Amino acid sequence: MSKALVCPCEDVTTEELNHALAKGYRDMESVKRYTGFGTGMCQGKQCQSTVARYLCEHGKLEAPALHPFTPRPPLFPTELSTWASGQVDPSMAPVGGVPHVDDTLETSLKPAAPVPARAKIVIIGGGVMGLSLAYNLTLLGETDIVVLDKSYLCAGASGRNGGGVRMQWGTAANVQLARRSIELMKGFARDMGINVWLRQGGYLFLAKSPQVANLLSKSAELHNKYGVRTQVLTPDGARDIVPQLSMKGVTLCAYNKDDGVIFPWPFMWGYAQKCQQKGVQIETFTRVQGFEQSSGLIRKVRTDRGDIACDTVVLASGAWSPEIARLAGVVLPNKPHRHEICSSEPLKPFLGPLVSVLDSGLYFSQSMRGEIVGGMGDPHEPAAMQMGSTFRFLARYGQAMTEQMPQLGAIKVLRQWAGCYDVTPDNSPILGRTPELSNLLQMSGFVGHGFMMAPAVAERMARWMATGQSDELFSRFTLNRFAEGRLEREDMIIG
Ligand SMILES: Cc1cc2nc3c(=O)[nH]c(=O)nc-3n(C[C@H](O)[C@H](O)[C@H](O)COP(=O)(O)OP(=O)(O)OC[C@H]3O[C@@H](n4cnc5c(N)ncnc54)[C@H](O)[C@@H]3O)c2cc1C
């Protein structure tokens, strides 16, 4: 009975539900992301009620914890070519969509007990930045840490991204950070005891305009200088790597075989579990509402479960960082921008690298589970905290995909979702101390590449915080740089 199957699409058993309960994941959104139930062909139509009943009987969960997870359109698997035939007005801004998470759910799952009255370090945001920082601090002996998140873990961009990890960047800082992150990712399963499905199939960039071709060849020179083996290829050379690609309009390509993809969810569980084992308190469904400040320092973090007195506060709240900073009277220049993404039915492995057309922002890769996961930026997306999914995205993505790889017209889209890029004026993060509020540390603004940067950035930030050792990341990428006109421009942004 312990191995009875509850989700036939993804082979999830009652044993895995028991594991999720034992780890403290006690709502449908978290259990879905911990076990993978409901992410296969039926999208939960067959298994969701069985899982809810099991969690009710064996985990003593009650409503609202048993609230069904957010449904993902399209409601039925539908061929990409059908979406590609949709009419979209290219000059229009996308609107609406299924909302990402119900605010009332966040309120109703709020624990009754108050938060700890004091902690040395409070980290706001339980995304990959907050969790990886907490984990790295524990490695240096700092364990008096509380991580706060207003929702379940994975509710932010860290649970919504494409899992791409690449060393092909336009600045030396990003090349080096990404190279270190990938090195750390290779040891993640061993160190954290969880499989993150790292697959180093490479990244293949396609350029269609002279500007992008120039960017790719210049960046490749930079990569080679730092020991990253990016090759500049002709379209024919790139077709040797992915024979199914149409090279219409492509003038130049760049390929690094050491880039790859990971599955973000287990990464998050790995960090969270290690943190908890070391004594970090992760308080989910706990919203930061303000700060108590005096003499240029934050004294307390105010939450909807009480206040926490602290020595240091880290703002690692991704695209929400500006609204939380505002509560402390700090203005951040970051803007949230929705990015939509989707996943297909699983196919036999055929696609080695993640492919991206830098001109249009199209990207797609094949996950270890066989799905084609891909997205595409929209130049008409207004800045807003918006995470709904649109028909317009599927139509644009379907058209771009079927142009680039015509055979993919026959694959069925299983689910689409969206998250927010946390965009700064120069596409580089905001790190280091806050002017006028020196115990508020910034860790945001990672645009569309924070997942791959987190392991390396967190390693350095923890060292900087715990030892006081200087590190140029935290003096160069500061909030001050915008007022001082010292921008750190990164142009190799997908989307
Ligand atoms: C569609 C998409 C695709 C992407 N693809 C990639 C990719 O391929 N590779 C890559 O490296 N990166 C990718 N990214 C970017 C990456 O996901 C982010 O840069 C990264 O996850 C940011 O992590 P974070 O911890 O800063 O923010 P988040 O993961 O967003 O975490 C912030 C947390 O703060 C919490 N919070 C907000 N307000 C409050 C409050 N008042 N009180 C308490 N908590 C609060 C939120 O609930 C959230 O959990 C992608 C992003 C998107 C949206």
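Residues numbered from 1 in each chain as written. Predicted model: local features only at pLDDT ≥ 70, side-chain atom pairs only at ≥ 80, totals over all residues. Heavy atoms only, no water.

Draft legend 1. Here's a closer look at the domain arrangement of the chain. Parsing the chain into structural domains produces domain 1 (1-69) and domain 2 (106-160 + 265-334 + 426-484). Relative to domain 2, the C-alpha centre of domain 1 lies at a distance of 30 Å. At the interface, 11 residues of domain 1 touch 10 residues of domain 2. Buried area between domain 1 and domain 2, both sides added, is near 1,000 Å², and the carbon and sulfur share of it is 66%. Here domain 1 is connected to domain 2 by zero salt bridges. Counting the contacts that link domain 1 with domain 2 gives two residue pairs in polar contact (both at pLDDT 80 or more). (Domains from an automatic or database assignment. Contact = heavy atoms within 4.5 Å. Buried area = accessible area lost by both parts, 1.4 Å probe. Salt bridge = Lys/Arg side-chain N within 4 Å of Asp/Glu carboxyl O. Polar contact = N/O pair within 3.5 Å; in protein donor to acceptor, adjacent residues only side chain to side chain.)

Draft legend 2. Inspection of empty space enclosed by the protein at higher detail. Overall, the coordinates contain five cavities of 30 Å³ or more when judged by the stated rule. In this structure, the largest cavity occupies an estimated 370 Å³ of space. Asn161, Phe263, Pro264, Val373 and Trp417 are, among the 24 residues lining the largest cavity, the residues nearest its centre. Secondary-structure elements contributing two or more residues to the lining of the largest cavity are α2 (28-35), α11 (264-277), β17 (362-366) and β19 (412-423). Each residue belonging to the lining of the largest cavity can be placed in one class, and the counts come to nine nonpolar, eight polar and seven charged. Approximately 60 Å³ is the volume found for the second largest cavity. (1 Å grid on protein atoms, 1.4 Å probe; cavity = no way out; pocket = protein on both sides within 12 Å on 5 of 7 lines; lining within 4 Å. Points joined across faces, edges and corners; volume = space filled by probe spheres on them. Helix = DSSP H or I, 4+ residues; strand = E, 2+ residues; numbered from the N terminus. Nonpolar A, V, L, I, M, F, W, Y, C, P; charged D, E, K, R; others polar.)

Draft legend 3. Inspection of the packing of aromatic side chains at higher detail. The tally for this structure, following the rule as stated, stands at 14 aromatic pairs. Their ring planes at 65° and their centres at 5.7 Å tell us that Tyr34 and Trp269 sit as a pair that is edge-to-face. Taken together, the residues Tyr34 in helix α2 and Trp269 in helix α11 connect sequence positions 235 residues apart. Of the residues examined, Trp269 reaches a relative accessible area of 1% and is grouped as buried. Here the aromatic rings of Phe188 and Tyr271 are separated by 5.0 Å at their centres, their planes lie at 85°, and the arrangement is edge-to-face. On the criterion of sequence distance, the pair formed by Phe188 in helix α8 (residues 188-192) and Tyr271 in helix α11 is long-range, its members being 83 residues apart. Grouping residues by exposure puts Phe188 and Tyr271 together as buried. Taken together, the ring pairs connect Tyr135, Phe188, Phe267, Tyr271 and Phe451 into an aromatic cluster. In this structure, Arg166 packs its charged tip against the face of Trp169, placed 3.6 Å from the ring centre. (Phe/Tyr/Trp six-rings, centres within 6.5 Å; stacked < 30°, edge-to-face > 60°. Buried < 20%, exposed > 50% of the residue type's maximum accessible area, 1.4 Å probe, protein only. Lys NZ or Arg CZ within 6 Å of the ring centre and 35° of its normal.)

Draft legend 4. Structural detail: the packing of helix α1 (residues 14-22) against helix α3 (residues 48-59). It is the contact of α1 with α3, at a shortest axis distance of 11 Å, that shows an interaxial angle of 55°. In this view, α1 runs oblique relative to α3, as classed from their interaxial angle. Taken as a pair, α1 and α3 cross one another with a handedness that is right-handed. For the pair α1 and α3, contact is made by Thr14, Leu17, Asn18 and Leu21 and by Val51, Tyr54, Leu55, His58 and Gly59, respectively. Here the contact of α1 with α3 is composed, by residue class, of five nonpolar, four polar and no charged. (Axes fitted to C-alpha atoms, helices over the stretch in contact; angles between N-to-C directions. Parallel < 35°, antiparallel > 145°, perpendicular 65-115°, else oblique. Left-handed = near helix turned anticlockwise from the far one by under 90°.)

Draft legend 5. Focus on the layout of surface pockets. Volume-wise, the second largest pocket comes out at about 450 Å³. Lining the second largest pocket are 17 residues; nearest its centre among them are Glu16, Tyr34, Thr35, Gly36 and Trp197. Of all elements in the fold, only α1, α2 and α11 reach the threshold of two or more residues within the lining of the second largest pocket. In the lining of the second largest pocket, the residues fall into nine nonpolar, four polar and four charged. Of the domains in this structure, domain 1 (1-69) and domain 2 (106-160 + 265-334 + 426-484) are the two that each give at least three residues to the lining of the second largest pocket.

Draft legend 6. Layout of the pattern of salt bridges. Counted by the stated rule, this structure contains 28 salt bridges. The shortest N-O distance in the salt bridge between Arg53 and Glu57 comes to 3.3 Å. Within this pair, Arg53 and its partner Glu57 are both found in helix α3, separated by four residues, close to a single helical turn. Among the residues examined, Arg53 registers a relative accessible area of 59% and is labelled exposed. Arg392 is the salt-bridge partner of Asp378, the closest N and O atoms lying 2.7 Å from each other. Placement of Asp378 in the loop between β18 (372-376) and α13 (391-404) and of Arg392 in helix α13 is noted, with a sequence separation of 14 residues between them. Given a relative accessible area of 15%, Asp378 falls into the buried group. Among the ionic contacts, a cluster of salt bridges with common partners joins Glu10, Arg369 and Glu371.

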